[in-house]
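# Summary of structural features
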Amino acid sequence: MTDAQNSGINTQEYAIPVIEIDAYAPAKMADRVGQVGVAKSQLSTLTTFALSILAGVFIALGMQLSMLVTHTATSNYGLNQLVGGVAFTLALVLIVIAGAELFTGNCLIAMSFMARKITGKDLARNLIIAFIGNFIGALTLVLWIYNSNQWTINNHLLGAKIVLAANDKVNIPFGAAFSRGVLCNALVCLGIWLCYSGRSNMDKILALLWPISCLIACGFEHCVVNMWLIPMGLVLKGNSAVLAAAEKVHEGKLDLSNLTFFKGFLIDNLFPVVLGNLFGGIVLIAGVYWFIYLRPSKK
């Protein structure tokens with residue numbers, strides 16, 4: 001064997017592997033979303049349902065933290081909103097890294113349907129199960145947090161914050177609730193979309209931080225957040241100490257007549273917000289990125 005051959009063997013044996021650390025480009029991100037959509041469509045109903053309950057729980061925990069860190073704020077409105085948004089990012093970090101099925105974020109897998117990788121039935125099945133599971137998970141946290149008495153913190157000011165926030169949401173006009181829902185889920189799906197560019201958990205956390213902080217800071221409407229926040233407000237509005245604290249913050253008598261489960265929550269808030277969330281996620285984000293990267297090209 002010649003020296004040249006020996007040299008070739010040594011070079012091959014001790015070759016240093018190339019490790020890519022750059023973020024995935026948008027075209028590759030679109031391929032990854034398509035593959036994830038197929039994987040989600042193949043999950044069993046029970047698995048999807050269990051993961052959906054977890055997502056509802058995680059969203060509720062994130063919103064509870066957001067309420068906690070802002071409940072004593074009396075000035076610097078914009079900065080306090082941003083702090084609450086950063087705190088809420090916990091929810092999406094848990095969903096993306098720990099694994100869960102979120103109704104709003106899963107609107108992004110409509111790209112897989114548009115690319116004909118999954119059927120319309122697959123997409124509808126995932127979104128319906130996720131919606132129901134998210135609702136159950138969020139309501140579960142209403143029970144646990146109420147029983148924890150955490151809402152009594154700071155002379156019931158935390159409970160007052162929740163009641164005031166819930167009351168504001170059920171009094172948003174239909175058009176505004178729909179528009180805020182559109183903007184909210186556009187940001188949620190953008191945050192999830194950015195995660196597909198990452199190669200590590202830290203990449204994903206940083207990718208989620210600003211879109212998710214923005215939607216909370218700007219007061220946009222997320223249906224799963226409202227599945228926890230408004231029922232929590234409904235439970236607490238009957239507590240005299242919470243009501244007294246809320247009226248003190250409000251500096252006057254509160255009108256809670258529309259803070260009801262059926263009309264105020266389901267009809268006036270959840271219905272337009274869900275429609276807006278679907279439009280923002282499926283049309284504005286999934287549809288646009290499908291058109292750019294996954295639609296069949298005709299040369």
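The coordinates are above.
Nothing here was measured: the structure is a model prediction, and the numbers come from that model.

Here is what the cut-offs are and how they apply
- Residues numbered from 1 in each chain as written.
- Predicted model: local features only at pLDDT ≥ 70, side-chain atom pairs only at ≥ 80, totals over all residues.
- Heavy atoms only, no water.
- Helix = DSSP H or I, 4+ residues; strand = E, 2+ residues; numbered from the N terminus.
- Contact = heavy atoms within 4.5 Å.
- Areas by Shrake-Rupley, 256 points an atom, 1.4 Å probe, with all protein chains shown as cover.
- Lys, Arg positive; Asp, Glu negative; His and termini not counted.
- Charge placed at Lys NZ, Arg CZ, Asp CG, Glu CD.
- Salt bridge = Lys/Arg side-chain N within 4 Å of Asp/Glu carboxyl O.
- Buried < 20%, exposed > 50% of the residue type's maximum accessible area, 1.4 Å probe, protein only.

Within the protein chain one finds 12 helices and zero strands. What you see in the protein chain, going N to C, is helices and strands ordered as α-α-α-α-α-α-α-α-α-α-α-α. Seen along its three principal axes, the alpha-carbon backbone of the protein chain occupies a region of about 95 × 40 × 35 Å. Sequence separation of at least 24 residues holds for 87% of the intrachain contacts in the protein chain that already meet a minimum separation of 6. Accessible surface computed for the protein chain: about 14700 Å², of which carbon and sulfur atoms make up 64%. The protein chain carries 19 positive and 14 negative side-chain charges, and their two centres are separated by 9 Å.

A few words on the pattern of salt bridges. When the charged atoms of two side chains with opposite charge come close together, those side chains can pair. All chains considered together, the criterion is met by four salt bridges. Across the pair Lys-40 and Glu-101 runs a salt bridge whose closest N-O atoms are separated by 2.6 Å. Here Lys-40 is found in helix 2 (residues 26-41), whereas its partner Glu-101 is found in the loop between helix 4 (77-99) and helix 5 (110-114), with 61 residues between them in sequence. Judged by relative accessible area, which is 3%, Glu-101 ranks as buried. Here Glu-247 and Lys-253 are joined by a salt bridge, their closest N and O atoms 3.8 Å apart. The class of Glu-247 is partly exposed, set by a relative accessible area of 22%. For Lys-253, a relative accessible area of 69% puts it in the exposed group.

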